[in-house]
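Here's the letter readout for the chains.
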Amino acid sequence: MKAITRGSAAADAETYRPELIADDEPRYLRRQKPVEIRRRKFSRQSWPFYRRVLLISTVSVAGVSALVVAGRFLLYSPQMLLTKPEQIEIAGNRFVGRETIVNKFYLDRGRSVMRVPLEERRAALEAMPWVEQASVERILPNRIRIGVTERTPIAFLRSNNDLALIDAHGVILDRPAEQDFQFAIVTGVGENLARDERERRMQTYQEFLKDIDAIKSGSSDQVSEVDLSNPKDLRVVMTGLGGTVGAAQAVTIHFGQGDFTSKYRMLADNFTMWQANAGRVQSIDLRYMRQVVVNPETSAAAAAPRKTKPR
């Protein structure tokens, strides 16, 4: 029994030897070597970087603060407010009154000049009939400067019993009070026509004046009225033709459509002869290529057959 017991003890000792148990132990149960973690410390080489970051941050904060302060000053400071009409400077206006222009900035009174909508105010000024172009700019700290280019009228426009003015672009203008103009009167370009059509007819008017002045200087001064209602027949009332004693009378002339230079040359060269033959010249028709009709209304009445009563 003892031998058996001794053998069993030896077998048990062999079975449970520590090194065998260590060899059979799973690898994940083994104790691993601890990993050493190195912590970086501030060094002399890293300080310039942190100084730059600090400097940039400080400058950025200071810049934003300055912008906020400047913005509040420009928008709300009493020194920037538009409070009096005298703060609005106007140049170039002759026929448009100063008060009329200043009234366009009524909504900006008590407001900083930086909050005045310049483009909107410029458009409002150019919507006025007499204003062709306008410029609006800020003059810091609290002034507005306006430049105005007014339209140039070239003729009177007869509208019913009133006389207005009209420019080369067909824009109809009110007559300024206490202003003296020396223009011919045009008809046939009223407000019932579209703006572009009025402009085309006024171009014909200017072409006619230029052509007759090219034949004889100062001829346009003899034009008293021009009818533009028929684009195919320019009808003109002129005075002072012929240069004789009775030449101050008004004569209606049908110039037709275009070729005003040659037609007016014919009129200037032959008016005295036509007047001698016809006596009193009231109208002349120059619309036909090879024919001039003097007093066409009278000629048509004379040529018409007389009606007689049956016996």
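Described in the following lines is the structure provided in the data block.

Cut-off values and rules
- Residues numbered from 1 in each chain as written.
- Predicted model: local features only at pLDDT ≥ 70, side-chain atom pairs only at ≥ 80, totals over all residues.
- Heavy atoms only, no water.
- Helix = DSSP H or I, 4+ residues; strand = E, 2+ residues; numbered from the N terminus.
- Polar contact = N/O pair within 3.5 Å; in protein donor to acceptor, adjacent residues only side chain to side chain.
- Contact = heavy atoms within 4.5 Å.
- Pairing = 2+ DSSP bridges.
- Axes fitted to C-alpha atoms, helices over the stretch in contact; angles between N-to-C directions.

## Side note on the side chain of Glu150
Tracing the chain through its elements places Glu150 in strand E5 (residues 143–150). Of note is the side chain of Glu150, whose polar atom sits 2.9 Å from the backbone nitrogen of Arg94. A distance of 2.9 Å separates a polar atom in the side chain of Glu150 from the backbone nitrogen of Phe95. When near neighbours in sequence (up to four residues on either side) are disregarded, Glu150 contacts Gly92, Asn93, Arg94, Phe95, Val96, Trp130 and Glu132.

## Some points on unusual backbone geometry
Between Leu140 and the following residue, Pro141, the backbone shows a cis peptide bond with an omega angle of 10 degrees. By secondary structure assignment, the location of Pro141 is in the loop between strand E4 (131–139) and E5. Positive phi, normally seen in glycine, also occurs at Asp259, with a value near 55 degrees. Mapping Asp259 onto the fold places it in the loop between strand E12 (251–254) and helix H7 (260–278). The backbone phi angle of Asn295 is positive, close to 50 degrees, even though this residue is not glycine. As for its placement among the helices and strands, Asn295 is situated in the loop between strand E14 (293–294) and helix H8 (296–303).

## Here we look at the sheet that holds E4
One open sheet accounts for 3 strands, arranged E2-E5-E4; its pairing is mixed. Edge positions in the sheet fall to strand E2 (88–91) and E4, since each has one partner strand and no second. Recorded for the sheet is a direction-independent mean angle of 20 degrees between the axes of neighbouring strands. Pairing analysis gives 4 bridges linking E2 to E5, with the strands arranged parallel. When the sheet's bridge partners are listed, Ala91 is paired in E5 with Gly147. The strands that helix H5 (residues 118–126) touches are E4 and E5; relative to E4, the one it contacts most, it runs at about 155 degrees.

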